[in-house]
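# Examining the three-dimensional arrangement
The primary structure of each chain is shown beneath.
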Amino acid sequence: MNNEIGKILVPREVIAEKVRELGRRISEDYKDGDLILIGVLKGAFIFLADLMREITINVDMDFISVSSYANDTKSSGIVRIIKDVDINISNKHVLIVEDIVDTGLTLNHLKELFQTRGPKSVKICAIFDKPSRRKVDITVDYKGIEIPNEFVIGYGLDYQGRYRNLPDLCVLNQEIYKKE
Ligand code: IMP
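Residues numbered from 1 in each chain as written. Predicted model: local features only at pLDDT ≥ 70, side-chain atom pairs only at ≥ 80, totals over all residues. Heavy atoms only, no water.

Moving on: the side chain of aspartate 62. Tracing the chain through its elements places aspartate 62 in strand 3 (residues 59–68). Among the polar contacts listed, one links the side chain of aspartate 62 to the backbone nitrogen of aspartate 86, at a separation of 2.6 Å. Discounting residues that sit within four places of it in the chain, aspartate 62 has contacts with Leu37, Ile38, Gly39, Leu48, Lys83, Val85, Asp86 and Ile87. (Helix = DSSP H or I, 4+ residues; strand = E, 2+ residues; numbered from the N terminus. Polar contact = N/O pair within 3.5 Å; in protein donor to acceptor, adjacent residues only side chain to side chain. Contact = heavy atoms within 4.5 Å.)

Below is the structure:
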């Protein structure tokens, strides 16, 4: 397992401090209530759990699970809903919680989808951001840490289902990655 794990890009202490900061901002901005966090499975589950405990106002949560369509249609940004949210978001403030913004296609689609359901607002919070990979212009309202264009693992992010449990954000070993 270990030779797939490259250098630490963002140590756990730096992630924790950023999560605290985001939690403080969100608590202040939504102090009038009606906030629902919607985590995008699977990668966002660790971030959502940490973020929620840094929020000091009443807050509800749910998860959505999506998958991108095959390569030929991926550029359209259409994603398939595997598991939808169970709660009614009408008249609520929705904050989509994502692990990383890469091309931005997933979040772009999810934002449009939630906007059709009568919420008070829909905003985006992501702990990591790879701005150099962006294909659509989306606003990340609560942005964590910008990273370079590397394939990263840990803090919920996987490589073929592995390494979500690493507490630090690490780079996937390039040699292994290039062989795929
Ligand atoms: P987007 O639609 O291209 O922005 O896709 C974002 C999704 O791709 C994230 O939620 C991750 O699941 C996945 N992803 C993007 N970059 C990485 C990475 O470096 N490591 C692991 N997963 C990634």
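Quantified by volume, the largest pocket comes out at close to 1100 Å³. Of all the secondary-structure elements, those providing two or more residues to the lining of the largest pocket are strand 2 (35–41), strand 3, strand 4 (79–83), strand 5 (93–101), helix 4 (105–115) and helix 5 (174–179). Residues of the lining of the largest pocket, tallied by class, amount to 15 nonpolar, 12 polar and 10 charged. As a volume, the second largest pocket reaches approximately 200 Å³. Residue lining of the second largest pocket: 13 residues in total, with Ile15, Ala16, Ile46, Asp50 and Tyr155 positioned closest to the centre. When residues of the lining of the second largest pocket are traced back to their parent elements, those giving at least two are helix 1 (12–29) and helix 2 (45–52). (1 Å grid on protein atoms, 1.4 Å probe; cavity = no way out; pocket = protein on both sides within 12 Å on 5 of 7 lines; lining within 4 Å. Points joined across faces, edges and corners; volume = space filled by probe spheres on them. Nonpolar A, V, L, I, M, F, W, Y, C, P; charged D, E, K, R; others polar.)

The subject of this paragraph is the sheet that holds strand 9 (residues 169–172). Strand order in the open sheet formed by three strands is 1-9-8, and the pairing between neighbours is antiparallel. Each end of this open sheet is capped by a strand with a single partner; those strands are strand 1 (5–10) and strand 8 (152–153). Where strand 8 and strand 9 come together, two bridges link them in antiparallel fashion. Looking at the pairing, valine 152 lines up with valine 171 of strand 9. (Pairing = 2+ DSSP bridges.)

For the rest of this paragraph, the subject is the packing of helix 1 against helix 2. Relative to each other, helix 1 and helix 2 sit at 60°, their axes nearing to 9 Å. Classified by the angle their axes make, helix 1 and helix 2 are oblique. Considering only the axes of helix 1 and helix 2, their crossing is right-handed. Of the residues in helix 2, those in contact with Val19, Leu22, Gly23 and Ile26 of helix 1 are Phe47, Asp50 and Leu51. (Axes fitted to C-alpha atoms, helices over the stretch in contact; angles between N-to-C directions. Parallel < 35°, antiparallel > 145°, perpendicular 65-115°, else oblique. Left-handed = near helix turned anticlockwise from the far one by under 90°.)

Turning our attention to the nonpolar core. Core analysis: the largest hydrophobic core is formed by 25 residues, its most contacted members being Ile26, Phe47, Leu51 and Phe128. Of all the elements in the fold, those that place two or more residues in this core are helix 1, strand 2, helix 2, strand 5, strand 6 (121–129) and strand 7 (142–146). Counting residues per element, this core draws most heavily on helix 1, which supplies four residues. Among all residues touching phenylalanine 47, those that are not within four sequence positions of it are Val19, Leu22, Val97, Glu98, Cys125, Ala126, Ile127 and Tyr155. Of all hydrophobic cores here, the second largest spans 19 residues; its members include Val40, Val85, Val101 and Ile124. (Core = buried A, V, L, I, M, F, W, Y, C linked by side-chain atoms within 4.5 Å. Buried < 20%, exposed > 50% of the residue type's maximum accessible area, 1.4 Å probe, protein only.)

The next subject is the site of the ligand. What surrounds the ligand is a group of 14 residues, the closest being Asp99, Thr103, Thr106, Lys130 and Val152. In this structure, threonine 103 approaches the ligand through a side-chain N or O atom, which is 2.4 Å from an oxygen atom. The separation between an oxygen atom of the ligand and a polar main-chain atom of leucine 105 is 3.5 Å. For the ligand, whose unbound accessible area comes to 490 Å², protein coverage reaches 81%. With respect to the pocket detection grid, the ligand is positioned in the largest pocket. Where the shell around the ligand is concerned, the elements lending two or more residues are strand 5 and helix 4. Broken down by element, the shell around the ligand gets its largest block of residues, three residues, from strand 5. (Near = heavy atom within 4 Å. Areas by Shrake-Rupley, 256 points an atom, 1.4 Å probe, with all protein chains shown as cover. Sits in = over half its atoms within 2 Å of the grid points.)

Now for helix 2. Given 3.6 residues per turn, any residue in an α-helix points the same way as the ones three and four places further on. Of the residues making up helix 2, those classed as buried are Phe47, Leu48 and Leu51. Seen from one end, helix 2 has its buried residues packed into an arc of 100°, which puts them on one side. Buried residues belonging to helix 2 abut helix 1, strand 2, strand 3, strand 5 and strand 6. (Arc of directions from axis to C-beta.)

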